[in-house]
Each structure stands twice: as C-alpha cells, then as structure tokens.
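What follows is each chain in one-letter form.
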Amino acid sequence: MQKSFGGKTLAGLVACFMWCGAALAQQSLVVASYGGQFQDMQRKALFEPFTKATGIKITDVSGVSVAKVKSMVMTGNVEWDVFITSTADHAQLVQSNLLDDIDYSKMDQKVLAELPKNAVQKKVLGTQWTAQVIAYNTKAFPGGSHPQSWADVWNVQKFPGPRIMPAGNYVVNPIEPALLSAGVGKDKVYPLDLNKAYDQLTKLRPQVIRWINSGSAVPQALVDGEAVVGMANSLRIQELKDGGAPVDYVWNEGIVSMTHWALPKGGKNREAALKFLEFVSRVEQQTAMARNSVAPVNQRAFDLLTPQERSVLPSAPENFSKLFVLQTAPWLTRSATGQTVYEENVGKWISWSTRQ
C-alpha cells in the first residue's frame, strides 16, 4: 500500500520530481550576439553562470543584423530566443514590427528597479552603454592642445589635419555630432534638423579622408596617422592607449547609446528568455561585464568597482555627465511626407554622398 502525503502518493511525488527535473534539464535558449572577444566575455560573465544557476543550457551564436531578424520573422523560422541590438538597429526593428513585447511582470521587480527608466522599455531591455567619442592622434596634437568638442573637430584652422568619420547610414552616424558642432545645445538637438546637419557635413567634407561603415577603421587610421581626428568607440581607443599606441580621447560630447536585449517576434522559449533577461540585469553579472570594461546599466555595479575600473566606463556618473545621450524616438517620428526621420536621412545621405 502506498503512503499518502497530503493527498499525494510517494510514488506520485517521485514521478513529479523526476519529470520536473527532466523538463528543466531540457530547457534551452539560443542567444545571439556580436561574436569575437565581446561574446567570449559574455560567455564567461553571463551565459555560463546562467546555466549553472538555472540548469537552462545556452547555445550562443553570432551574426546579429536587422536583415537576419527580418528574414527569420517573415519566414516564421525564428532560430533565436534572445538577441542583442544597438539603439539604431532597435529603431528599425520596432519600426518593422519585428519584436515581441517583454513581459516585465514575470521578472524580479527589485532587479528592474536598479536599472534606469530608459533601460526598461516595451520592446527592449537595456544591458550596457557604448560611447563614440572624439579620438585623436597624440603625435599630431601633443600636450593639451587637441580637439575637445565637436566644434573643435570642425575647426580645421585651429586643429588641422585629415579626419575620419562614420557614414550617414552607419549604426552610429554623424548627424548628432554635426548639430553639436554647429552650436546646437544638447537639449536642442532633437527634433533633428537634417538640413543644418548636412550643411555642417559639407563644411567638413574636404578634410574627411573616409566616411566609414566599420568600427575598427577609425582606431587603425588614427594609430597609423592616416587621420588625426575621428569618432571612435571609447573602449577600443582605451585598449590601444593602454598598449602604447599614440591615441587618446575626450569624454566631452561623446555620443553614448544603450545596447539592448530583445525578443524576436515568434520566439519559442519565452519563459526561459525572461529568466535570462532578469539574470543578466543583476548587479553581479553587470559587475562581471564591467570588469571587462563593458559599461553597465545597473548603477549598483559602480559600488563594486575600483576607481580605475570606473574611469574607463562611459556610464560612470563622472563620465556620463559629459556625454550626449542618443535617442531612438526622434528618429522614428514621421514628417509631412510620411517618411520617418531615419528613412529621410538614408535618402539624404545617398544623395549627398554621391554628389561631387
């Protein structure tokens, strides 16, 4: 005769535990990121600890792009459960209705409360900050005589030499820097005045050796002396500087943007995906990434970092106050033509860049 435990038999409980354990072990996630050294960091700081804590296996892949997400959603063959995305790509993904809403009610509210309000959005959850800063060759500008604002970057008489800048259709484009260079206040950049921005780009154009679509092109050009001023990722310039390369940067008027996690429309493992989003937002995981110079959105992480670790992170309060925060919403507003500002800018860039 089977013993009864509150209406359930011992055999039934054992069967339940075996089934629940098997179900947990079978849970898995496919997480897509940017690959390379960055994804190696994520694997050690985020993916492996998540599997250890939850039993949910992660298969991480790379090759994130708007085109890939669109193809998966449109064909109904959604291979990813979670993927990382930039502010600019987020704008396109939302516009094309390629993301599912995030059900924050199923996540730990204490963890969410530690994040800035602009990180917790309907379609995306912020995970880190990235800054594109004014970078320069220290041989060309020794001592303290170097560009310290976008107006200085445009001032080729005071700070002569070739420039290298992002293209107008790159992930982070030169529109906001152009407006700042014209004396537009940080709080007046939005809504975007594209005509004024392109007037400024025209003024700088003779000094620009290349308008690039690659994150590695600017740092290398500055190291080689091919260009003396450019707009580059702060982390990459810091790495080169630490290695003895003749480069440096300033935080002032750097363009800072948030990188997000997102759920592709039609993804299958929603419960596990939400557990992952909550886990990677915790202070412990955010701090682990910060120790690899990845700027956290969870501000509690700064309590656990040394002054040196804080100094290279754009989201450290002492650095963040000097930066300009890139916004998504103004790029998605529509003009009288029915186009979004993003779509209008793509057309203007093509026309402007091909004009002699």
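Please read these numbers as outputs of a predicted model, since none were measured by experiment. (Residues numbered from 1 in each chain as written. Predicted model: local features only at pLDDT ≥ 70, side-chain atom pairs only at ≥ 80, totals over all residues. Heavy atoms only, no water.)

Caption draft 1: Structural view of the packing of aromatic side chains. Using the criterion set out here, one finds 15 aromatic pairs in the structure. Judged by centre distance (6.1 Å) and plane angle (40°), the ring pair of F47 and F276 falls under tilted. Within this pair, whereas F47 is found in helix α2 (residues 36-54), its partner F276 is found in helix α11 (residues 270-281), the two being separated by 229 residues in sequence. For the pair F47 and F276, one class covers both residues: buried. Here the aromatic rings of F141 and F159 are separated by 6.0 Å at their centres, their planes lie at 70°, and the arrangement is edge-to-face. Taken together, the positions of F141 in the loop between β6 (124-137) and α6 (150-154) and F159 in the loop between α6 and β7 (163-166) put the pair 18 residues apart, joining distant regions of the chain. Side by side, F141 and F159 carry an identical accessibility label, which is buried. (Phe/Tyr/Trp six-rings, centres within 6.5 Å; stacked < 30°, edge-to-face > 60°. Helix = DSSP H or I, 4+ residues; strand = E, 2+ residues; numbered from the N terminus. Buried < 20%, exposed > 50% of the residue type's maximum accessible area, 1.4 Å probe, protein only.)

Caption draft 2: How the structure looks around unusual backbone geometry. That bond from Y190 to P191 is cis: its omega, 0°, falls within 30 degrees of zero. By the secondary structure assignment, P191 is in the loop between α7 (175-181) and α8 (194-204). You will see that S293, though not glycine, has its phi angle at about 70°, which is positive. The exposure class assigned to S293 is partly exposed, which follows from its relative accessible area of 25%.

Caption draft 3: The arrangement of the pairing of strand β9 (residues 229-233) in detail. Judged by how many residues are buried, β9 sits mostly within the fold: 4 of 5 residues are covered. Of the strand pairs in this sheet, β6 and β9 are connected by 5 bridges, and their pairing is antiparallel. What sits directly across from Q132, in β9, is N233. With 2 bridges connecting them, β7 and β9 associate as parallel partners. Counted as the bridge partner of R163 is V229 from β9. (Pairing = 2+ DSSP bridges.)

Caption draft 4: Focus on the confidence of the model for the protein. Looking at the protein as a whole, its pLDDT mean stands at 90, while 92% of the residues score no less than 70. Throughout residues 1-25 the model reports pLDDT below 50, and contacts reaching past four residues in sequence, or to other chains, amount to 12 contacts. (pLDDT = per-residue confidence, 0-100. Contact = heavy atoms within 4.5 Å.)

Caption draft 5: Representation of the packing of α2 against helix α12 (residues 283-290) in the model. One can describe the packing of α2 onto α12 by two numbers: an axis separation of 10 Å at closest approach and a directional angle of 155°. Judged by the inter-axis angle, α2 sits roughly antiparallel to α12. Remark: the crossing between α2 and α12 carries right-handed chirality. Judged by residue contacts, F38, M41, Q42, A45, L46 and P49 of α2 engage Q285, A288 and M289 from α12. Each residue belonging to the contact of α2 with α12 can be placed in one class, and the counts come to 7 nonpolar, 2 polar and no charged. (Axes fitted to C-alpha atoms, helices over the stretch in contact; angles between N-to-C directions. Parallel < 35°, antiparallel > 145°, perpendicular 65-115°, else oblique. Left-handed = near helix turned anticlockwise from the far one by under 90°. Nonpolar A, V, L, I, M, F, W, Y, C, P; charged D, E, K, R; others polar.)

Caption draft 6: Geometry of the packing of α2 against α11. It is at 11 Å that the axes of α2 and α11 come closest, and there the two elements cross at 120°. By the criterion of interaxial angle, the relationship of α2 to α11 is oblique. The two elements α2 and α11 cross, and the hand of that crossing is right-handed. The residues of α11 that touch α2, namely those facing L46, F47, P49, F50 and A53, are A272, K275, F276, F279 and V280. Its residues assigned to classes, the contact of α2 with α11 shows 9 nonpolar, no polar and 1 charged.

Caption draft 7: Summary view of the pattern of salt bridges. Under the definition given, this model contains 17 salt bridges. With its nearest N and O atoms 3.9 Å apart, the salt bridge here joins D103 to K106. Here R291 ties to E309 by a salt bridge, and the two come within 3.6 Å at their closest N and O atoms. One end of the pair, R291, is in the loop between α12 and β11 (295-296); the other, E309, is in helix α13 (residues 307-311), and 18 residues separate them in sequence. Judged by its relative accessible area of 48%, R291 falls in the partly exposed class. A single salt-bridge network, built from bridges that share partners, covers D40, R43 and D60. (Salt bridge = Lys/Arg side-chain N within 4 Å of Asp/Glu carboxyl O.)

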